[in-house]
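# Coordinate inspection notes
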Amino acid sequence: MPAMTETHPVEDSVPKVNDELAVGSDLEFQRRWESVEKTIWIFLIIFLLLSLLGFFGRGPMAKVTAKAADGSMEVDYERFERFSTPSVLTVRLSPSAIHNGKVEFWVGENLVKPLGNQRVIPQPDKSQVGNGGVLYTFPASEGQASIEFQTQPSKIGKTELKMRVPGYSELDLNIYVFP
Amino acid sequence: MYTLLHAVLGYFFLTLMIRILARRPGAQMTPFEFVLVFLVGGVIILATVGDDHSITNCYGGVIAICLMHRLVGRLKQRSPRWADIIDGKPILLLQNGEWQTSSMKQAHVDDMDVMAAAREKGVRTLDDIKYAVLERNGGISIIKKKKS
């Protein structure tokens, strides 16, 4: 016995124009959809403008400089970063932080993960893990010293990053990583 | 894992973007629409697969997209409302010798687009068209006037 095919009678279900052409157009739907489209475009343009300004990373509003309360260091960083996108955090240490031809710098473990530290420039003489972070020791001569951390965030969301020169005041940074 | 999530998000994001484009790339593709299709496709693929170009990752992404397409297709079939939101409705562009100006403006279609579709049907002039309809697939259907 051949298999039966399911069927149902044809109905005049598509609205007609001038009672002769089944198009199914709907002016009321068109008008409503146009206003929905306009609203979505307004949001998208706002998103684009905020993006250009850097509110989602990589723009003028993302780049900021923070300074320790006692002036022991200044940090240039991006407060808005993007997931898996390279970023640079530059620390400028004041001459007073240099002792006996070396400078010590402690940074919280969040720099390693989730901020994904890839590289430290210059190479430290020593790096010591512990106390919830990494203590770097760099050779230094007189004058201001700069350290650059190249990062690539591996987690989306807010990350707090603490750093200090031992014996000086601590600097807390809030970094927001966007998808 | 990320690729699957990105593929699903990308699918809905692209569906939304194409839906609000007004002049959608479909049957009436001009070089203008080709640029859009290639560029958008190229950009979204970067966010979908990321750094992992392995077969497992890429095939996973393809499967996720196909699955979404199937699910959305089923949703459209079950709910005409969803079908209207996702695909839109046909738009009447020309009716009995009159351009439907506001509809044409909304759809970003002009008389040249209509005439191009008409020529494909062997219609020589705009006067010979009774109805022109912008279909949900982006194509323009032409209904000729009956010869008296």
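Residues numbered from 1 in each chain as written. Chains lettered and ligands numbered in written order. Predicted model: local features only at pLDDT ≥ 70, side-chain atom pairs only at ≥ 80, totals over all residues.

The subject of this paragraph is the overall build of chain A. Along its length, chain A carries 1 helix and 14 strands. A compact globule built from 179 residues should have a C-alpha radius of gyration of about 16 Å, whereas chain A, at 29 Å, is more than 25% larger. Overall, chain A is about 95 × 50 × 20 Å in size when its C-alpha atoms are taken along their principal axes. Considering chain A as a whole, with its 179 residues, one finds that 22% of them fall into the buried category. Residue pairs in contact within chain A that sit at least 24 positions apart in sequence constitute 61% of those at least 6 positions apart. (Helix = DSSP H or I, 4+ residues; strand = E, 2+ residues; numbered from the N terminus. Rg over C-alpha atoms; globule rule 2.2 N^0.38 Å. Buried ≥ 20, exposed ≤ 12 C-beta atoms within 10 Å, placed from the backbone. Contact = placed C-beta atoms within 7 Å.)

Turning our eyes to something else, we now look at the pairing of strand β13 (residues 157-164) of chain A. On a regular strand, each side chain points to the face opposite its neighbour's, so the side chains alternate between the two faces of the sheet. Residue and element names in this part refer to chain A. Where strand β8 (residues 102-108) lies against β13, 2 bridges are found, and the strand directions are antiparallel. Its bridge partner lying in β13, Trp 106 is registered against Arg 164. In the sheet, β13 pairs with strand β14 (residues 171-178) via 7 bridges, with the strands oriented antiparallel. The partner of Lys 162 across the bridge, within β14, is Asp 172. (Pairing = 2+ DSSP bridges.)

Turning our attention to unusual backbone geometry. Phi is mostly negative for residues that are not glycine, and the peptide bonds are mostly trans. Residue and element names in this part refer to chain A. Residue Pro 114 is reached from Lys 113 by a cis peptide bond, and omega for that bond is 20°. Here Pro 114 is to be found in the loop between β8 and β9 (117-121). Here Ile 121 and Pro 122 are connected by a cis peptide whose omega angle stands at 0°. Along the chain, the position of Pro 122 falls in the loop between β9 and β10 (126-130). One non-glycine residue, Ser 84, lies in positive phi territory at about 60°.

A word on the interface of chain B and chain A. Taken together, the contacts link 15 residues of chain B with 14 residues of chain A. Looking at the side of chain B that touches chain A, the elements with two or more residues in it are β1 (91-95), α5 (101-107) and β3 (129-134) of chain B. In terms of residues, the side of chain B that touches chain A owes the most to one element, β1 of chain B, which gives 3 residues. Split into classes, the residues belonging to the side of chain B that touches chain A amount to 8 nonpolar, 5 polar and 2 charged. (Nonpolar A, V, L, I, M, F, W, Y, C, P; charged D, E, K, R; others polar.)

Time to look at the environment of Leu 71 of chain B. Turning to its location among the elements, Leu 71 of chain B is positioned in helix α3 (residues 55-78). By the C-beta count within 10 Å, which is 12 here, Leu 71 of chain B ends up exposed.

Quick look at helix α6 (residues 111-120) of chain B now. All names here are of chain B. Of the residues making up α6, those classed as buried are Val 114, Ala 117 and Ala 118. Around the axis of α6, the buried residues are gathered within 105° of arc, so they sit on the same side. Those residues of α6 that are exposed and angled more than 90 degrees off the buried face are Met 112, Ala 116, Arg 119 and Glu 120. Lining the buried residues of α6 we find β1, β3 and β4 (140-144). Among the residues trailing α6, Gly 122 stands out with phi positive, at a value near 85°. (Arc of directions from axis to C-beta.)

All right, on to the domain arrangement of chain B then. In terms of domain boundaries, chain B breaks down into domain 1 (2-87) and domain 2 (91-144). Each of domain 1 of chain B and domain 2 of chain B was reduced to a C-alpha centroid, and the two centroids are 28 Å apart. (Domains from an automatic or database assignment.)

Attention now moves to the sheet that holds strand β6 (residues 87-93) of chain A. Residue and element names in this part refer to chain A. Spatial strand order, β3-β4-β6-β12-β9: 5 strands in an open sheet with antiparallel pairing. Each edge of the open sheet is held by one strand with a lone partner, namely β3 (63-67) and β9. For this sheet, the mean angle separating the axes of adjacent strands, direction not counted, is 15°. In terms of strand pairing, β6 meets strand β12 (residues 145-151) through 7 bridges, oriented antiparallel. Bridge pairing in β12 places Leu 89 opposite Phe 149. (Axes fitted to C-alpha atoms, helices over the stretch in contact; angles between N-to-C directions.)

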